[in-house]
Amino acid sequence: MHVVIHQRHGFTLGEVILSSFLLTAGILSVSALITNAYRSSLENQDVIVASELAQEGVEIVRNVRDNNMIRKIKTGTPAEVFDGFPSGSSSRCSVDYDDTTLSCTGTPRTGLVKTGGFFQTIVSGDSHFERLVRIDMGPSPPTARVLSFVTWNASPDFSGSISRNISWCTLSHQCVY
């Protein structure tokens with residue numbers, strides 16, 4: 001006599017539900033990790049670009065000073081190397097990469113828009129980055145302290161907070177200098 005034992009092959013409903021839950025939890029965890037990494041990457045990109053734009057602001061002012069020095073040497077005139085620089089302290093200026101002079105009168109244009117591979121100031125409109133260069137002229141012998149502030153995704157208070165208190169400019173305020 002032969003006894004036939006039927007064995008069932010497959011998974012129970014509980015096993016299927018448990019494995020589906022674990023698989024879903026794993027996929028959601030990985031997608032959240034990828035989303036956070038992408039967001040962090042974009043934020044870091046803004047910090048790097050803002051840091052470079054702040055450095056560029058200082059370099060432009062240095063370039064204007066150096067051009068004044070070269071002009072003074074070439075012409076043999078007793079021109080001041082800080083010709084065209086504002087007098088006094090906390091002068092607010094706007095500068096572009098192709099500027100040969102400083103614009104420190106009135107309300108400076110601070111918005112920066114990328115055109116042709118370069119960031120340039122705009123008169124009005126929306127911009128992702130804002131830059132303000134603050135120049136403090138020192139006593140004799142003439143010296144200049146230059147601070148270049150750049151903010152992004154924020155509404156900078158260039159008339160108040162930054163120009164008076166540089167400790168306001170932090171990464172939590174989306175500002176570098």
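What counts and how
Throughout, a residue's number is its position along its own chain's written sequence, starting from 1. Local features in a predicted model are, by the rule used here, given only for residues with pLDDT of at least 70; side-chain atom pairs are given and counted only at 80 or more, and totals for whole chains, interfaces and linings are based on all residues. Side-chain measures were taken over the full set of non-hydrogen atoms in the model, leaving aside hydrogen atoms and water. The helix count covers DSSP runs of H or I at least four residues long, the strand count covers runs of E at least two residues long, and both are numbered beginning at the N terminus. Only protein chains enter the area calculation, which uses a 1.4 Å probe; residues under 20% of their type maximum are buried, those over 50% are exposed, and those in between are partly exposed. Residue contacts follow a heavy-atom distance rule, with two residues in contact if any of their heavy atoms lie within 4.5 Å. Accessible areas in this description were obtained via Shrake-Rupley with a 1.4 Å probe; residue shielding takes into account the shown protein chains only. Any two cysteine sulfur atoms within 2.5 Å of one another count as a disulfide. Counted as positive: Lys and Arg. Counted as negative: Asp and Glu. His and the chain ends are not counted at all. Any carboxyl oxygen of Asp or Glu that lies within 4 Å of a side-chain nitrogen of Lys or Arg is treated as forming a salt bridge with it. Between N or O atoms, a polar contact is any pair within 3.5 Å; within protein, one atom must be a potential hydrogen donor and the other a potential acceptor, and residues adjacent in sequence are included only when both atoms are from side chains. Whether two strands pair comes down to DSSP finding at least two bridges between them. Residues enter a nonpolar core if they are buried and are Ala, Val, Leu, Ile, Met, Phe, Trp, Tyr or Cys, with the set joined through side-chain atoms within 4.5 Å. Each aromatic pair joins two rings of Phe, Tyr and Trp (for Trp, the six-membered one) with centres within 6.5 Å, and gets the label stacked for planes under 30 degrees apart, edge-to-face for over 60, and tilted for any other angle.

Turning next to the overall build of the chain. Within the chain, the regular secondary structure consists of two helices and six strands. Starting at the N terminus and ending at the C terminus, the chain contains elements arranged as α-β-β-β-β-β-α-β. Here the chain, with 177 residues, has 27% of them falling under the buried criterion. Intrachain contacts of the chain at a sequence separation of at least 6 include 49% that bridge at least 24 residues. Of the roughly 11800 Å² of accessible surface on the chain, 58% is carried by carbon and sulfur atoms.

In protein structure, a disulfide is the covalent linkage between the sulfur atoms of two cysteines. Summed over all chains, the structure comprises one disulfide. Two residues share a disulfide in this structure: Cys169 and Cys175, whose sulfurs sit 1.9 Å from each other. Judged by the torsion about the S-S bond (-95 degrees), the Cys169/Cys175 disulfide is left-handed. In terms of burial, Cys169 and Cys175 fall into one category: buried.

Here we come to the side chain of Glu130. As for its placement among the helices and strands, Glu130 is situated in strand S4 (residues 129-137). In this structure, Glu130 is buried with no salt-bridge partner, the nearest side chain bearing the opposite charge being Arg131 at 9.8 Å. Among the polar contacts made by the side chain of Glu130, one reaches the main-chain amide nitrogen of Gly111 at a distance of 3.4 Å.

Side chains that differ in sign of charge can pair as their charged atoms come close. Inspection of the entire model under this criterion finds five salt bridges. Between Glu56 and Arg131 there is a salt bridge; the shortest N-O distance is 2.8 Å. One end of the pair, Glu56, is in helix H1 (residues 13-75); the other, Arg131, is in strand S4, and 75 residues separate them in sequence. Two residues, Arg134 and Asp136, come together in a salt bridge whose shortest N-O distance is 3.3 Å.

All right, on to the pairing of S4 then. Here S4 lies mainly inside the structure; eight of its nine residues are buried. Judged from the three bridges that link them, strand S1 (residues 91-93) and S4 form a sheet pairing that is antiparallel. Pairing of Arg92 across the sheet is with Arg134, part of S4. Pairing of S4 with strand S5 (residues 144-152) involves nine bridges; the strand directions are antiparallel. Note that in S5 the partner of Phe129 across the bridge is Trp152.

Next up on the list: the nonpolar core. Grouped together as the largest cluster of nonpolar side chains are twelve residues: Ile60, Val61, Val64, Val81, Phe82, Phe85, Cys93, Val95, Leu102, Cys104, Val133 and Ile135. Breaking this core down by element, the ones donating at least two residues are H1 and S4. Ignoring any residue separated from it by four or fewer positions in sequence, one finds Ile60 in contact with Val95, Asp96, Tyr97, Asp99 and Arg131.

A regular strand places its side chains on the two faces of the sheet in alternate fashion. Taken together, the two bridges between S5 and strand S6 (residues 175-176) define a ladder with antiparallel strand orientation. Looking at S6, one finds that Val150 is bridged to Val176.

On to unusual backbone geometry, then. A positive phi is found at Gln174, a non-glycine position, where the angle reads about 55 degrees. Here Gln174 lies in the loop between helix H2 (161-164) and S6.

All told, the structure shown has four aromatic pairs when counted by the stated rule. Look at Tyr97 and Phe118: their rings are 4.4 Å apart centre to centre, the planes differ by 15 degrees, and that puts the pair in the stacked class. Linking Tyr97 in the loop between S1 and strand S2 (111-115) with Phe118 in strand S3 (residues 118-122), this pair joins segments that are 21 residues apart in sequence. A centroid spacing of 5.6 Å and a plane angle of 90 degrees characterise the contact between Phe119 and Phe129, whose relative ring orientation is edge-to-face. Here Phe119, found in strand S3, pairs with Phe129, found in strand S4; they are ten residues apart in sequence, far enough to count as distant. Relative accessible area serves as the criterion here: at 17%, Phe119 is assigned to the buried category.

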